Amino acid sequence: EKGWGYIWKDPHEETITADDGVSEEKMTINEAAALLAVATTGTAPKGGLWLGGKKYTVTQKDMACEHKEVTFKYVFAAASKCGVHIVATESQITCGFYSEEEGQTSGNAKAAVFDYAEYLVGISM
């Protein structure tokens, strides 16, 4: 159950900054739709990228990332003392989370996600 808590929360309402950049508005967040948007376009939808009830900020993207002999879409998103590496192959989305508070590093999470994406492409998933 703990693992699902990192990546999934049922649709929920959050207060976000409105388009004017000053006022706030309530919005229903659909985390699955936001993850799909980020993984396929590299850009968070209105309301941002939320995973497991936590808001992440997209800070890096490479929509034609090359790793060894494969190419896939790559996005990195950060939150306070943690982050997520997101890789999209032609048919799968893989997320590798890390938490500095748990002694984990961004580099190890990224390497694991890239290697897993390479494996998925190799078995044609």
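The coordinates are above.
Below is a summary of the structure that appears in this document. (Residues numbered from 1 in each chain as written. Predicted model: local features only at pLDDT ≥ 70, side-chain atom pairs only at ≥ 80, totals over all residues. Heavy atoms only, no water.)

1. Let's talk about a nonpolar patch on the surface
The grouping of Tyr 116, Tyr 119 and Ile 123 at the surface amounts to a nonpolar patch, some 320 Å² of accessible area in total. Relative to the helices and strands, Ile 123 resides in the segment after α3 (106-122). On the basis of relative accessibility, which here comes to 41%, the residue Ile 123 falls in the partly exposed class. (Patch = residues over 30% accessible without salt bridge, like charges linked within 9 Å, V, L, I, M, F, W, Y side chains within 5 Å. Areas by Shrake-Rupley, 256 points an atom, 1.4 Å probe, with all protein chains shown as cover. Salt bridge = Lys/Arg side-chain N within 4 Å of Asp/Glu carboxyl O. Helix = DSSP H or I, 4+ residues; strand = E, 2+ residues; numbered from the N terminus. Buried < 20%, exposed > 50% of the residue type's maximum accessible area, 1.4 Å probe, protein only.)

2. Notes on α3
The first and last C-alpha atoms of α3 sit 24 Å apart over 17 residues, in line with the 24 Å expected at 1.5 Å per residue. Those residues of α3 not exposed but buried are Ala 109, Val 113, Phe 114, Ala 117 and Leu 120. Seen along its axis, α3 keeps its buried residues to an arc of 130 degrees; they face one direction. Facing away from the buried side of α3 by over 90 degrees, the exposed positions are Asn 108 and Gly 122. At its buried positions, α3 is contacted by β4 (54-67), β5 (70-79), β6 (82-88) and β7 (93-99). (Expected span 1.5 Å × (residues − 1). Arc of directions from axis to C-beta. Contact = heavy atoms within 4.5 Å.)

3. What about the sheet that holds strand β3 (residues 49-51)?
Taken in spatial order, the 5 strands make up an open sheet running β3-β4-β5-β6-β7, and their pairing is antiparallel. This sheet does not close on itself; its edge strands, each paired only once, are β3 and β7. Between one strand axis and the next, the sheet turns through 35 degrees on average, direction left out of account. Sheet topology note: the β5/β6 ladder contains 7 bridges and is antiparallel. Of the residues in β6, the one forming a bridge with Ala 78 is Gly 83. Across the sheet, α3 is in contact with β4, β5, β6 and β7; its angle to β7 comes to roughly 165 degrees. (Pairing = 2+ DSSP bridges. Axes fitted to C-alpha atoms, helices over the stretch in contact; angles between N-to-C directions.)

4. A look at the side chain of His 12
By the secondary structure assignment, His 12 is in strand β1 (residues 12-17). Taking relative accessible area as the criterion, His 12 reaches 9% and is therefore assigned buried. At 2.9 Å, the side chain of His 12 forms a polar contact with the side chain of Glu 31. Apart from residues lying up to four places away in sequence, His 12 is in contact with Met 27, Thr 28, Ile 29, Glu 31, Trp 50 and Gly 53. (Polar contact = N/O pair within 3.5 Å; in protein donor to acceptor, adjacent residues only side chain to side chain.)

5. Focus on the side chain of His 85
Examined against the element boundaries, His 85 turns out to sit in strand β6. For His 85, a relative accessible area of 2% puts it in the buried group. Of note is the side chain of His 85, whose polar atom sits 2.8 Å from the side chain of Tyr 74. In this view, His 85 contacts Tyr 74, Val 75, Phe 76, Thr 94, Cys 95, Gly 96, Tyr 98, Ser 106, Ala 109, Lys 110 and Val 113; residues no more than four positions away in its chain are not counted.

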